[in-house]
Amino acid sequence: MNSIFKDMFKKSSGAEVPAKRDSVLSEEIIGNVDIEEDCILEVHLLKDNSPVIIFYEETEGLISTIVEYFIHYKGKRFGPYESIDSYVSDDKSTEAHICEVDGKKYVLAGTNETGPFDKIYNLIFAPDGKTPCYYGVINGQYYVFVGNEKRGPFEFEDAYALSFSPGGTLVYRAQIGGQWYLFAGNEKRGPFGEDPFFVFSPGGTLIYSAQIGGQWYLFAGNEIGRAS
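This section reports on the structure supplied with the text. Everything quoted here is computed from the prediction, not taken from an experiment.

With that out of the way, let us pick up the overall build of the chain. The helix and strand inventory of the chain stands at 1 helix and 22 strands. Summing over all exposed atoms, the chain offers an accessible surface of approximately 12600 Å²; the carbon and sulfur share of this is 46%.

Okay, the environment of Phe145 next. Along the chain, Phe145 turns up in strand E13 (residues 141–146). For Phe145, a relative accessible area of 5% corresponds to the buried category. Sequence separation between Phe145 and Thr114 is 31 residues; the distance between their C-alpha atoms is 9.8 Å. Here Phe145 is in contact with Phe117, Pro132, Cys133, Tyr134, Gly136, Ile138 and Lys150, once residues within four sequence places are set aside.

Our next topic: unusual backbone geometry. At the junction of Gly115 and Pro116, the peptide bond is cis and its omega measures out at 10 degrees in the coordinates. Relative to the helices and strands, Pro116 resides in strand E10 (residues 112–117). Following Gly152, the chain continues to Pro153 via a peptide bond in cis, the omega torsion being 15 degrees. Within the element layout of this structure, Pro153 appears in strand E14 (residues 149–154). For Asn49, which is not glycine, the phi torsion reads 70 degrees and is therefore positive.

Attention shifts here to the sheet that holds strand E4 (residues 51–60). A sheet is described by the order of its strands in space; here 4 strands give the open sequence E3-E4-E5-E6, paired in antiparallel fashion. Each edge of the open sheet is held by one strand with a lone partner, namely strand E3 (40–45) and strand E6 (76–81). Sheet twist, expressed as the average angle between the axes of neighbouring strands with direction ignored, equals 20 degrees. Here 4 bridges tie strand E5 (residues 65–73) to E6, and the two strands are oriented antiparallel to one another. Opposite Tyr69, over in E6, you have Tyr81 as the bridge partner.

In this fold, Tyr56 is placed in strand E4. Counting along the chain gives 11 residues from Tyr56 to Val67, while the straight-line C-alpha distance between them is 6.7 Å.

Let's shift gears to the side chain of Glu95. Note that Glu95 resides in strand E8 (residues 95–101). Buried and unpaired, Glu95 has no salt bridge, with Lys92 as the nearest side chain of opposite charge at 9.5 Å. Among the polar contacts listed, one links the side chain of Glu95 to the side chain of His44, at a separation of 2.7 Å. If we skip the residues at most four places from it in the chain, Glu95 touches His44, Leu46, Val52, Ile54, Ser86, Tyr87, Val88, Leu108, Ala109, Gly110 and Phe125.

Okay, the pairing of strand E20 (residues 206–212) next. Bridge count between strand E19 (residues 197–200) and E20: 4 bridges; the pairing is antiparallel. For Val199, the partnering residue across the bridge sits in E20 and is Ile207. Relative to strand E21 (residues 215–220), E20 is paired through 6 bridges, and the arrangement is antiparallel. Bridged to Ile207 within E21 is Ala220.

About the cut-offs
As a convention, each chain's residues are numbered from 1 in the sequence order in which they are written. Per-residue local features of the predicted model are confined to residues with pLDDT of at least 70, and side-chain atom pairs are confined, for both listing and counting, to 80 or more; whole-chain, interface and lining totals are unaffected and use all residues. The side-chain numbers reported here are obtained from all heavy atoms of the structure, hydrogens and water having been left aside. Every helix listed is a DSSP run of H or I at least four residues long, and every strand listed is a run of E at least two residues long, numbered separately from the N terminus. Calculation of accessible area relied on Shrake-Rupley with a 1.4 Å probe; when residues are assessed, cover is drawn exclusively from the protein chains displayed. Throughout this description, buried means an accessible area under 20% of the type-specific maximum (1.4 Å probe, protein chains only), exposed means over 50%, and partly exposed covers the range between. Contacts are assigned to residue pairs with any non-hydrogen atoms lying within 4.5 Å of each other. Two strands are counted as paired when DSSP detects at least two bridges linking them. Structural elements are reduced to axes, namely lines fitted to C-alpha atoms, with helices fitted over the stretch in contact, and the angle between N-to-C directions of any two is expressed from 0 to 180 degrees. Neither His nor the chain termini are counted; the positive set is Lys and Arg, and the negative set is Asp and Glu. We define a salt bridge as a contact between a side-chain nitrogen of Lys or Arg and a carboxyl oxygen of Asp or Glu at a distance within 4 Å. Whenever two N or O atoms come within 3.5 Å, that pair is a polar contact, provided that in protein one can donate a hydrogen and the other can accept it, and provided that, for residues adjacent in sequence, both atoms are side-chain atoms.

The structure is reproduced here in structure tokens:
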């Protein structure tokens, strides 16, 4: 275990989690959890001083040892899971996890669990630092999730672009009926023959290239130019 984790957890009846201030661990106790120290894999401290603890437990099966993974957050225990991938928002206000159970994927954001999904792609956070956004596959159909809001279904090949503009608008590309579209907030642009490529200018303008009638065009705001 990393040495900082050994300093953060002291064995007693459970494991005590000291607060962290100005990057220095203090002696103030902000929580108590009944977790074996050696089973702790990761510890993340969020902006509100809430610790998120990822740990595992082993059970002896008839043939082999069974390893199960858990998350402890806000006094609650989530799991068991077969695997956990964790994502922390830039401002450290929220942590989201992609968890697997029986081959299905779930998103656990805070204490809210969404799923099951066949697959999950490109999890990011909205500018509020609290809302997870991602592509979720259900029965072979792709959806865009913004928190609990579901958009779609869409068809995809290999395009997992999902991004927020500097002004906070969600932009993504999706395939419907073999045609490609670009979504910017509630606006739908297209159809296009190929999946559009997009970027944002330093001033926040959406710039993208797209194919229409076999020709490629460059779009910048309301300006349109034909690509050579």
